[in-house]
Amino acid sequence: MSNVMLGWPVLTLHKLSTNLKLKCRHVSVLGTRHVQFISYAPNCSRVLCSVDSSATKAVPSNQLDTLVPGGKHLPLTDQLYSYILRHTREPLILQKLREEMAESPGSNMQIPPDQGQFLALLVQLMGARRCIEVGVFHGYSSLAVALVLPEGGKLVACDRDERSLAVARQYYEHAGVLHKVDIRHGLAADTLNDLLQNGEAGSYDYAFLDADKMMYREYYELLLQLIKPNGLIVVDNTLWYGRTADPLVNDKRTKFLREFNKFLAEDDRINVSMVPIGDGMTLCRKQ
Ligand SMILES: C[S@@+](CC[C@H](N)C(=O)[O-])C[C@H]1O[C@@H](n2cnc3c(N)ncnc32)[C@H](O)[C@@H]1O
């Protein structure tokens, strides 16, 4: 038996030489996006790993580059994920946002409740006061952070879509945190450059990066300038529905994110950890 680390969730393969068959599916648990694929090998235990709806072939073992002998990995089944959600605290205002906006286009772009809770906890643990979000949409992830920011704390919330920001604004207001949020309408790179030109380099504690994926490298470099030493940049979607881990998927975005993940893993300006939550997120602590 071999254990093969794919990031999220991690795959345990039995008898690697057998023909694996993959079943892929998109799953909604308590209204939350969740993607998985399940592999079956003849005469072997069921194995499960990350996802891609286009993946129909097993990944040959010689294309999997990270083998972790003896590692212990827990497959994220529907049952397990719904258990996690049942033990997640979601503030009522976030639940309201999620439910009210569930039918609007793109609502599956926002982070799930367990990830929102995790981000809020990180911000609290860090004692963060100055935060940035790149890619706000209807405000779910930014509101999760704004709710736990202390009075006097600030979150720069940046998005190019005015209508999405108008929705987010309503929820900030409803939650009584509008005064903590600096809403910036415009292209993210412009907003981040404006902050730098305004002399704000090295003054932010936390940033959440969740906008157009092909620009991640550029945003990351700007955020690295804006963040203090010991500050945190959280990069969302680094597992990209499991595609980054699947060598058979090679569309433009997947390839870009795969390269970006490699870059982050090797960037010695940060300490890094890839976390299998939501669509995968990478925590980058600036040294
Ligand atoms: C995945 S959604 C953000 C979801 C949000 N972080 C959440 O979890 O609630 C991505 C957002 O990035 C915004 N976006 C995409 N490209 C952008 C750009 N170049 N500048 C600013 N915002 C951008 C989109 O308008 C969209 O609202």
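For clarity, every value in this text was computed on a predicted model and none was experimentally measured.

A closer look at the overall build of the chain
Summing up its helical and strand segments, the chain has eight helices and twelve strands in all. The buried share of the chain, reckoned over its 287 residues, is 53%. A sequence separation of at least 24 residues applies to 69% of the contacts in the chain between residues at least 6 apart. Surface exposure of the chain reaches about 13800 Å², of which carbon and sulfur atoms provide 52%.

Side note on the packing of helix H6 (residues 188-197) against helix H7 (residues 216-226)
Between H6 and H7, whose axes approach to 10 Å, the crossing angle comes to 20°. With respect to H7, the axis of H6 lies roughly parallel. Regarding H6 and H7, the two cross each other, and that crossing is left-handed. Listed contacts from H7 to Ala188, Ala189, Leu192, Asn193, Leu195 and Leu196 of H6 are Glu218, Tyr219, Leu222, Leu223, Gln225 and Leu226. Residue composition of the contact of H6 with H7, grouped by class: nine nonpolar, two polar and one charged.

What to know about the pattern of salt bridges
Going through the model one piece at a time under the given rule, you end up with ten salt bridges. Close ionic contact of Arg130 with Glu200 constitutes a salt bridge, the shortest N to O distance being 3.1 Å. With Arg130 in strand E6 (residues 130-134) and Glu200 in the loop between H6 and strand E9 (204-209), this residue pair connects regions lying 70 residues apart in the sequence. Residue Arg130 is classed as partly exposed on the basis of its relative accessible area of 27%. Across the pair Asp182 and Arg184 runs a salt bridge whose closest N-O atoms are separated by 3.1 Å. Asp182 sits in the partly exposed class, given a relative accessible area of 21%.

A short note on the site of the ligand
As a structural note, the neighbourhood of the ligand is formed by 20 residues, with Gly135, Ser141, Asp159, Ala188 and Asp210 the closest of them. Note that a nitrogen atom of the ligand is positioned 2.7 Å from one of the side-chain N or O atoms of Asp210. Contact with the protein chains covers 93% of the free accessible surface of the ligand, which is 600 Å². Looking at the shell around the ligand residue by residue, the classes come out as ten nonpolar, four polar and six charged.

Brief notes about the confidence of the model for the chain
Of the residues in the chain, 76% have a pLDDT of 70 or more, and the chain-wide mean is 83. The model gives residues 1-27 a pLDDT under 50, and that stretch makes 100 contacts with residues more than four places away or in other chains. The ipTM value of the predicted complex is 0.99, and its pTM value is 0.81.

Concerning the environment of Ala211
With respect to the element layout, Ala211 can be found in the loop between E9 and H7. As a C-alpha pair, Ala211 and Phe137 span 74 residues in sequence and 9.0 Å in three-dimensional space. Beyond its immediate sequence surroundings of up to four residues, Ala211 is in contact with Val134, Gly135, Tyr216 and Tyr219.

Quick look at the sheet that holds strand E8 (residues 181-185)
Reading across from one edge, E8-E7-E6-E9-E10-E12-E11 is the order of the seven strands in this open sheet, with mixed pairing throughout. A single partner strand is all that each edge strand has here, and the edge strands are E8 and strand E11 (270-275). Taking the axes of each pair of neighbouring strands and ignoring which way they run, one obtains an average angle of 15° across the sheet. Relative to E8, strand E7 (residues 154-159) runs parallel, the two sharing five bridges. Paired with Val156 across the two strands is Asp182, which belongs to E8.

What counts and how
- Residues numbered from 1 in each chain as written.
- Predicted model: local features only at pLDDT ≥ 70, side-chain atom pairs only at ≥ 80, totals over all residues.
- Heavy atoms only, no water.
- Helix = DSSP H or I, 4+ residues; strand = E, 2+ residues; numbered from the N terminus.
- Buried < 20%, exposed > 50% of the residue type's maximum accessible area, 1.4 Å probe, protein only.
- Contact = heavy atoms within 4.5 Å.
- Areas by Shrake-Rupley, 256 points an atom, 1.4 Å probe, with all protein chains shown as cover.
- Axes fitted to C-alpha atoms, helices over the stretch in contact; angles between N-to-C directions.
- Parallel < 35°, antiparallel > 145°, perpendicular 65-115°, else oblique.
- Left-handed = near helix turned anticlockwise from the far one by under 90°.
- Nonpolar A, V, L, I, M, F, W, Y, C, P; charged D, E, K, R; others polar.
- Salt bridge = Lys/Arg side-chain N within 4 Å of Asp/Glu carboxyl O.
- Near = heavy atom within 4 Å.
- Polar contact = N/O pair within 3.5 Å; in protein donor to acceptor, adjacent residues only side chain to side chain.
- pLDDT = per-residue confidence, 0-100.
- Pairing = 2+ DSSP bridges.

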